[in-house]
Amino acid sequence: MLVTIRQTKSSGQNLFQVEERGQLLFQAQTPWADLRLPLEAENMRRLTFSDAQGRPLYHTSYRLLDNALRSLTKYKFLLGASAQVEEYEILDEAGRQQGSFYTQIDGIFTSQLTICYGEEQYDCYPRFMGKIYVVSIFRDGRQIAQITKPLDTWDLLDIYYLHLLENCRHLLPILSFFTIYIDARSFTQPGR
């Protein structure tokens, strides 16, 4: 299965659409203004994810104090343990936690992005390959999806392609939202 995640607006708002074969499946919004708040407070601003009709499905929550304390332990790998930092909780429209996105640090040169969703954990390995950015997504050591982003943009609008195994279609909403999270963390150009 191939899904396109297209940024539709980057001025005044960051808006995205998730499409499959030209059909709108989901919509998303990320913060736009460049506030540059101290102590990672910028991360507290919500990412939102909605169905095609605009009904909310998920939003993020960033617990500033918890994440500040975790950042103090990011060198746990020196003691043989991994550290979880920069965790964004994923909440449904009723405010119930459905999962989280975070960075897991395993060593001085080894880290990965992680998706926790339900009872499952997905390991995500980003890398730059020439003029594209790729995130390979694994469950239990087997690749189930890949996010591909051309590094060229047009009118400051990004585009992503999500390749997903057909038998993992039920993960489409959370992986699409994860793609929006990647854009907000790594590729957004707020205030431009």
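All of the points below concern the structure found in this document. These numbers were taken from a predicted model, which means no experiment stands behind them.

### Points about the pairing of strand 10 (residues 132-139)
In this sheet, strand 10 lies alongside strand 9 (residues 120-129) in antiparallel orientation, the contact comprising 7 bridges. Looking at strand 10, one finds that proline 126 is bridged to valine 135. The loop that links strand 9 with its antiparallel partner strand 10 comprises 2 residues; one of these, glycine 130, has a positive phi angle of about 65°. For strand 10 and strand 11 (residues 142-150), the ladder comprises 8 bridges, and the chain directions are antiparallel. Counted as the bridge partner of phenylalanine 138 is glutamine 143 from strand 11. Connecting strand 10 to the next strand, strand 11, in antiparallel fashion are 2 residues, including aspartate 140 with a positive phi near 55°.

### Points about the environment of aspartate 183
Structurally, aspartate 183 can be placed in helix 2 (residues 172-187). Accessibility expressed as a relative area gives 1% for aspartate 183, which makes it buried. Distance from aspartate 183 to isoleucine 159, taken between C-alpha atoms, is 9.5 Å for residues 24 residues apart in sequence. Apart from residues no more than four positions distant in its own chain, aspartate 183 is found in contact with Phe16, Asp158, Tyr160 and Thr188. A distance of 2.7 Å separates the side chain of aspartate 183 from the side chain of tyrosine 160, its partner in a polar contact.

### Brief notes about the pattern of salt bridges
Going through the model one piece at a time under the given rule, you end up with 9 salt bridges. Residue lysine 149 is joined to aspartate 158 by a salt bridge in which the shortest nitrogen-to-oxygen separation is 3.0 Å. Taken together, the shared-partner salt bridges in this structure form one network comprising Glu20, Glu166 and Arg169.

### Looking at the pairing of strand 2 (residues 14-20)
Here strand 2 lies mainly inside the structure; 5 of its 7 residues are buried. Direction of pairing for strand 1 (residues 2-9) relative to strand 2: antiparallel, over a ladder of 5 bridges. Looking at strand 2, one finds that isoleucine 5 is bridged to valine 18. The antiparallel pairing of strand 1 with strand 2 creates a hairpin that spans 4 residues between the two strands, and glycine 12 there sits at a positive phi of about 85°. By the bridge criterion, 7 bridges tie strand 2 to strand 3 (residues 23-30) in an arrangement that is antiparallel. Within strand 3, the residue paired with asparagine 14 across the bridge is threonine 30. In this antiparallel pair of consecutive strands, strand 2 and strand 3, the connection spans 2 residues, and arginine 21 shows a positive phi of 50°.

### Some words on helix 2
Over its 16 residues, helix 2 runs 21 Å from end to end, which matches the ideal 22 Å to within 8%, given 1.5 Å per residue. Among the 16 residues in helix 2, 13 count as buried, and that is most of the element.

Conventions and cut-offs
Residues numbered from 1 in each chain as written. Predicted model: local features only at pLDDT ≥ 70, side-chain atom pairs only at ≥ 80, totals over all residues. Heavy atoms only, no water. Pairing = 2+ DSSP bridges. Helix = DSSP H or I, 4+ residues; strand = E, 2+ residues; numbered from the N terminus. Buried < 20%, exposed > 50% of the residue type's maximum accessible area, 1.4 Å probe, protein only. Contact = heavy atoms within 4.5 Å. Polar contact = N/O pair within 3.5 Å; in protein donor to acceptor, adjacent residues only side chain to side chain. Salt bridge = Lys/Arg side-chain N within 4 Å of Asp/Glu carboxyl O. Expected span 1.5 Å × (residues − 1).

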